[in-house]
Amino acid sequence: IRGNASEIMALLNADIKSKGVDSCCSSSDAVDSAVTLAERTMIRGTLESFFAKVIANQDIEAARAAIPDSMINFCGKDNADAEAIIQYANEKKEKDVIGLHYVIAQQMSVRKETLHDGSIGYSAEFNLQETISRSDTKQPMSNIYRVSALVNQEQKIVRMSISK
């Protein structure tokens, strides 16, 4: 990628607008805001594990491991703890639902973000494919959701919204 630091950061989805030749950012700022392949892989793994273990399998211990003491916000619920997340997961398993499977789309937008405590976290946005195994085959068998998540450097999910 060629350009001044502000232009590079704008392409990386950093929270800055390009200023052209009047760039207010240094080259090191652009490098610091870039998300590495290892960081992207870590974020994807964290989120895949969350959907497979916590949402699909309603694993309370996995929920406790996936978040700090509570999420700032989970699907509109402030200060959601592991039990609240499992309650959400249990509601997904309607009477006729046998199993749930989730796949995160290949394209995932990830950018660095400063968290409320001043540390660096990762904001991720992606589509999520939900496949539903049902005993009543006349019911919908899949959904696609838009997910926005914030993950800290300890690989804990601190915020998540899921919408159709």
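What you see is a predicted model; the values in this text were computed from it and never measured. (Residues numbered from 1 in each chain as written. Predicted model: local features only at pLDDT ≥ 70, side-chain atom pairs only at ≥ 80, totals over all residues. Heavy atoms only, no water.)

To continue, consider unusual backbone geometry. Non-glycine residue N79 carries a positive phi angle of around 50°. Take N79: it is sitting in strand β2 (residues 77-80). At Q155, a residue that is not glycine, the phi angle is positive and equals roughly 65°. Mapping Q155 onto the fold places it in the loop between β5 (142-152) and β6 (157-163). (Helix = DSSP H or I, 4+ residues; strand = E, 2+ residues; numbered from the N terminus.)

Another point: the nonpolar core. A general trend in soluble globular proteins is that nonpolar side chains are found buried together. L47, F50, F51 and M160 are the most contacted members of the largest nonpolar core, which has 39 residues in total. Sorting the residues of this core by element identifies α3 (37-55), α4 (60-66), β1 (71-74), α5 (82-92), β3 (97-114), β4 (120-134), β5 and β6 as the ones contributing at least two each. It is α3 that provides the largest number of residues to this core, a total of seven residues. With residues up to four places along the chain from it excluded, the contact list for M160 reads L47, F50, F51, M71, N73, F74, C75, V147, S148 and A149. (Core = buried A, V, L, I, M, F, W, Y, C linked by side-chain atoms within 4.5 Å. Buried < 20%, exposed > 50% of the residue type's maximum accessible area, 1.4 Å probe, protein only. Contact = heavy atoms within 4.5 Å.)

Further remarks concern the side chain of N143. Looking at the secondary structure, you find N143 in strand β5. At 3.2 Å, the side chain of N143 and the side chain of K164 are in polar contact. If we ignore the near neighbours within four places in the chain, the residues touching N143 are L128, Q129, E130, I132 and K164. (Polar contact = N/O pair within 3.5 Å; in protein donor to acceptor, adjacent residues only side chain to side chain.)

Sheet architecture is open: six strands sit in the order β2-β1-β6-β5-β4-β3, paired in mixed fashion. Where the open sheet ends on each side, the last strands, each with one partner, are β2 and β3. Taken pair by pair, the neighbouring strands of this sheet meet at an average axis angle of 20°, ignoring direction. Here β3 pairs with β4 via 14 bridges, running antiparallel. Residue pairing in the sheet places V97 in a bridge with R134 of β4. Running over the sheet, α3 touches β1, β3, β4, β5 and β6 and is turned about 150° from β3. (Pairing = 2+ DSSP bridges. Axes fitted to C-alpha atoms, helices over the stretch in contact; angles between N-to-C directions.)

With that out of the way, let us pick up the pattern of salt bridges. Within this structure, the stated rule accounts for nine salt bridges. Note that R64 and E61 form a salt bridge whose closest N and O atoms lie 2.7 Å from each other. Residue R64 and its partner E61 are located together in helix α4, separated by three residues, close to a single helical turn. In this structure R64 comes out as partly exposed when scored by relative accessible area, which is 39%. Within the structure, one salt-bridge network assembled from shared partners comprises E61, R64 and E83. (Salt bridge = Lys/Arg side-chain N within 4 Å of Asp/Glu carboxyl O.)

This part takes up the pairing of β4. Taking the residues between adjacent antiparallel strands as the criterion, β3 and β4 are bridged by five residues, where G118 takes a positive phi near 95°. Both β4 and β5 contribute to a ladder of 11 bridges, which runs antiparallel. Within β5, the residue paired with Y122 across the bridge is V151.

Note on placement: R146 falls in strand β5. In the structure, R146 is positioned 16 residues away from I162 in sequence and 5.8 Å away in space, judged by C-alpha atoms. When near neighbours in sequence (up to four residues on either side) are disregarded, R146 contacts E125, F126, N127, S161, I162 and S163. A distance of 3.2 Å separates the side chain of R146 from the side chain of N127, its partner in a polar contact.

In this model, the protein carries an average pLDDT of 86, and 80% of its residues clear a pLDDT of 70 or more. Every residue in residues 13-18 is under pLDDT 50, and counting partners more than four places away or in other chains gives 14 contacts. (pLDDT = per-residue confidence, 0-100.)

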